[in-house]
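The residues making up each chain are set out below.
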Amino acid sequence: MLVWMCWRSSLAEIRLSPMVYQRKEPLTFRGNATVHYIAQPNPLIGPTQQQMVAFGALFPLCMREDHLLNVQQIQALYPRPKKGGKGLGCCEVPKFNVAGTATEEECSVLSEGQAQWRATQCSQRSSSQSTVRHSLRPCCGELNGQCTLTSPEHCWFMNGRFHLHAEHCTQVNCLGELCIMIREKDVRDEHVAEFSPRSSGQWWRMLTAIYLHQGILDCVLITLLQKMGFVESRKLSRLFADGIVAPYRWG
């Protein structure tokens, strides 16, 4: 199982403490900004936490009704657009040549009043209106189930999942994707509150987690403990047989 996991995924950084990375990101609503990413290590030499969740490891957010909390969080961060995506428009910042689909209120907050808002989603603009590059799309975080509008490079830097065919965070279900409740082809152009994950609680993770190892060292240590336990159990079984069965054997 561990060999298959390592073959299907990449190894996490081997260290004891998290590593903080930063880079200059020019494609934001506010222009050039410094973004940070905290990489969680795996000192046991194995896959990343996100990949472990994908393989079926224990993860409380996937085993409870936490997708409802994710919906409430999205509703708090983004004003609810009207049915069919109405209320969403294109937030353009010509100064930085960057645009993304957002509500009018959201556009004003994210750009600090520097953007121009059109009552048309960025992908639906005419050729004469598409002078500002549409580069910001939904990006799902690594393990927190949160969504932000970022560029592809920014999203990949944070080890997130970039949605090239979605316009706004209300059109994706980050927590559902993290728990493999839905696939990208199932993402609909509706508000996230209308998503209904296929499984209300992934109880089966309690079974699949039994066969998963967090890394090579974890597998080696468990194998050694099992071998030691097997040797000791053999000794106890022999003592038990000599103390109980032997007297009856000799009459």
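Note that the coordinates shown come from a computational prediction; the quantities given were computed from them, not determined experimentally. (Residues numbered from 1 in each chain as written. Predicted model: local features only at pLDDT ≥ 70, side-chain atom pairs only at ≥ 80, totals over all residues. Heavy atoms only, no water.)

Chemist: Explanation requested: the packing of aromatic side chains in the structure shown.
Modeler: In this description, a pair of aromatic rings is defined by centroid distance and the angle of the planes. Going through the model one piece at a time under the given rule, you end up with 2 aromatic pairs. Geometrically, the ring pair formed by Tyr 37 and Phe 157 is edge-to-face, given 6.1 Å between the ring centres and 65° between the ring planes. With a gap of 120 residues between them, Tyr 37 in strand 2 (residues 33–39) and Phe 157 in helix 6 (residues 152–157) connect regions that are remote in the sequence. Each member of the pair, Tyr 37 as well as Phe 157, carries the same accessibility label: buried. On the numbers, 6.4 Å between centres and 70° between planes, the contact of Trp 156 with Phe 162 is edge-to-face. With a relative accessible area of 17%, Phe 162 lands in the buried category. (Phe/Tyr/Trp six-rings, centres within 6.5 Å; stacked < 30°, edge-to-face > 60°. Helix = DSSP H or I, 4+ residues; strand = E, 2+ residues; numbered from the N terminus. Buried < 20%, exposed > 50% of the residue type's maximum accessible area, 1.4 Å probe, protein only.)

Chemist: Got a minute to help me understand the environment of Cys 140 in this structure?
Modeler: The topology assignment puts Cys 140 in strand 6 (residues 134–140). Here Cys 140 falls in the buried class, since its relative accessible area comes to 0%. Distance in space between the C-alpha atoms of Cys 140 and Arg 161 is 5.1 Å, their sequence separation being 21 residues.

Chemist: Explain the nonpolar core here, please?
Modeler: Soluble globular proteins: nonpolar side chains tend toward being buried together. Core analysis: the biggest nonpolar cluster contains 14 residues, and Phe 29, Cys 91, Leu 136, Cys 147, Leu 149, Val 172 and Cys 174 have the highest contact counts within it. Contributing elements (two or more residues each) for this core: strand 3 (89–93), strand 4 (98–102), strand 6 and strand 7 (147–150). In this structure, Val 53, Cys 62, Leu 143 and Leu 178 belong to the second largest nonpolar core, which totals 7 residues. (Core = buried A, V, L, I, M, F, W, Y, C linked by side-chain atoms within 4.5 Å.)

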